[in-house]
Amino acid sequence: MNGRHALPLAVACIFMSACSSAPRIAQGPVKVEVVRNDAGYALLRGGEPYTVRGAGMEVDDVARFAANGGNSVRTWTTDHRIQDLGELLDEAHRHGVTVAVGLPMKAERHGFDYDDPVAVAAQRESLRDDILRHRDHPALLAWIVGNELNHSYTNPRVFDAVEDVAR
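These numbers were taken from a predicted model, which means no experiment stands behind them. Counting restarts for each chain, with residues numbered from 1 along the sequence as it is written. The predicted nature of this model means local features are confined to residues of pLDDT at least 70 and side-chain atom pairs, given and counted, to a pLDDT of 80 or more, with totals for whole chains, interfaces and linings taken over all residues. Side-chain figures throughout are based on the complete set of non-hydrogen atoms in the structure, without hydrogens or water.

*Asks:* Mind showing me how you'd approach the sheet that holds strand β1 (residues 32-37) here?
*Replies:* Whether parallel or antiparallel, the strands of a sheet pair through hydrogen bonds between backbone atoms. One open sheet holds the three strands; their spatial order is β1-β2-β3, and the pairing between them is antiparallel. Unpaired on one side and paired on the other, β1 and β3 (48-49) mark the two borders of the sheet. The criterion for strand pairing is that DSSP finds at least two bridges linking the strands in question. Counting from the N terminus, the helices are the DSSP runs of H or I reaching at least four residues and the strands are the DSSP runs of E reaching at least two.

See the structure below:
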C-alpha cells in the first residue's frame, strides 16, 4: 500500500469503529457499589446507575438474551459440568451482559455437616479459589453466596459459614 492511501484507510477504520453498534465494554474489573440516594438506594456500575434486566442462566444463548434487552444473568454455581464459568463470563462480556455469580455452598439437607470444621474450611477455600480466579472479570456484577441454605436446615452454623465466605 502506498502512503497516499494509508491516511484515508486509517480514517475510514476509525470512523467505522466509532459508528459500530457494538457497546464499548470495559477491559478490566468494573467497580460496583450500592449507594444511598434520595429515593433509597441505587446500584452503580462504573460510577453510572445500573438497572438489572436479568434472568437466571447457566447454559443458554447470551447473544439472544442480550438482543432481547437483557443485561444481566445470575448463575447458581461456579462449577457447572456443561458451561465453564470463565467462558460464560467471556460470552457475557462480548454482549455487554453482566453476571451475578452464585457461589455454591453445600446444603445440610444434602448431607453437608457444618459441625465439621475441616469440611467447612475446605468449602471456604474452594470458593475462595473461584473468587480469586474470576474477581477481576469485567462482566462480574456480584457474588451470590449460597442458595436456599435455609431449606430444611437444623444447624445455624450454616449461616456462620455464609458470613465467613461473604467477608
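*Asks:* Explain the pairing of strand β7 (residues 140-145) to me, please; I cannot follow it from the model alone.
*Replies:* For a regular strand, side-chain orientation follows a simple rule: the groups alternate between the two sheet faces. Inspection of the sheet shows strand β6 (residues 98-103) paired to β7 by five bridges, in the parallel sense. Pairing of A100 across the sheet is with A142, part of β7. With its strands directed away from the observer, a crossover is right-handed exactly when the path from the first strand over the helix to the second travels clockwise. Traced from β6 through helix α4 (residues 117-134) to β7, the parallel crossover comes out right-handed.

*Asks:* Teacher, can you tell me more about the sheet that holds strand β4 (residues 54-56) here?
*Replies:* Here we have four strands laid out as an open sheet, ordered β4-β5-β6-β7, and parallel in their pairing. On the outer flanks of this sheet lie β4 and β7, each paired with one strand and no other. Here the strands of the sheet are splayed against their neighbours by 20 degrees on average, with no regard to which way each runs. In terms of strand pairing, strand β5 (residues 72-74) meets β6 through three bridges, oriented parallel. Residue pairing in the sheet places R74 in a bridge with A100 of β6. Here the axes come from fitting lines to C-alpha atoms, over the contacting stretch only for helices, and the angles between their N-to-C directions go from 0 to 180 degrees.

*Asks:* Explanation requested: the side chain of N155 in the structure shown.
*Replies:* Assignment of secondary structure puts N155 in the loop between β7 and α5 (157-166). With a 1.4 Å probe rolled over the protein chains alone, any residue whose accessible area is under 20% of its type maximum counts as buried; one over 50% counts as exposed, and the rest are partly exposed. Using a relative accessible area of 10% as the deciding quantity, one classes N155 as buried. Residues adjacent in sequence count toward polar contacts only when both atoms are side-chain atoms; beyond that, a polar contact is any pair of N or O atoms within 3.5 Å, and within protein one must be able to donate a hydrogen and the other to accept it. In terms of polar contacts, N155 uses its side chain to reach the side chain of D115, at 3.1 Å. Apart from residues no more than four positions distant in its own chain, N155 is found in contact with E108, Y114 and D115. When checking whether two residues touch, look at their non-hydrogen atoms; a contact exists if any pair is within 4.5 Å.

*Asks:* Explain the pattern of salt bridges here, please?
*Replies:* Pairing between side chains of opposite charge can happen when their charged atoms approach one another. A pair is scored as a salt bridge if a Lys or Arg side-chain nitrogen falls within 4 Å of a carboxyl oxygen belonging to Asp or Glu. Tallied over the entire structure, the rule returns seven salt bridges. A salt bridge links E91 to R94; its shortest N-O distance comes to 2.6 Å. Residue E91 and its partner R94 are located together in helix α3 (residues 85-94), separated by three residues, close to a single helical turn. On the accessibility criterion, E91 (26% relative accessible area) is partly exposed.

*Asks:* I would appreciate a short explanation of the pairing of strand β2 (residues 40-45) in the present structure.
*Replies:* With six bridges connecting them, β1 and β2 associate as antiparallel partners. By the bridge assignment, V35 is partnered in β2 with A42. Hairpin remark: β1 followed by β2, antiparallel, with two residues in the connecting loop. Sheet analysis places β2 next to β3, joined by two bridges and oriented antiparallel. Across the sheet, R45 pairs through a bridge with E48, a residue of β3. Where β2 folds back onto β3 in an antiparallel hairpin, the turn is made up of two residues, including G46, whose phi is positive at roughly 65 degrees.

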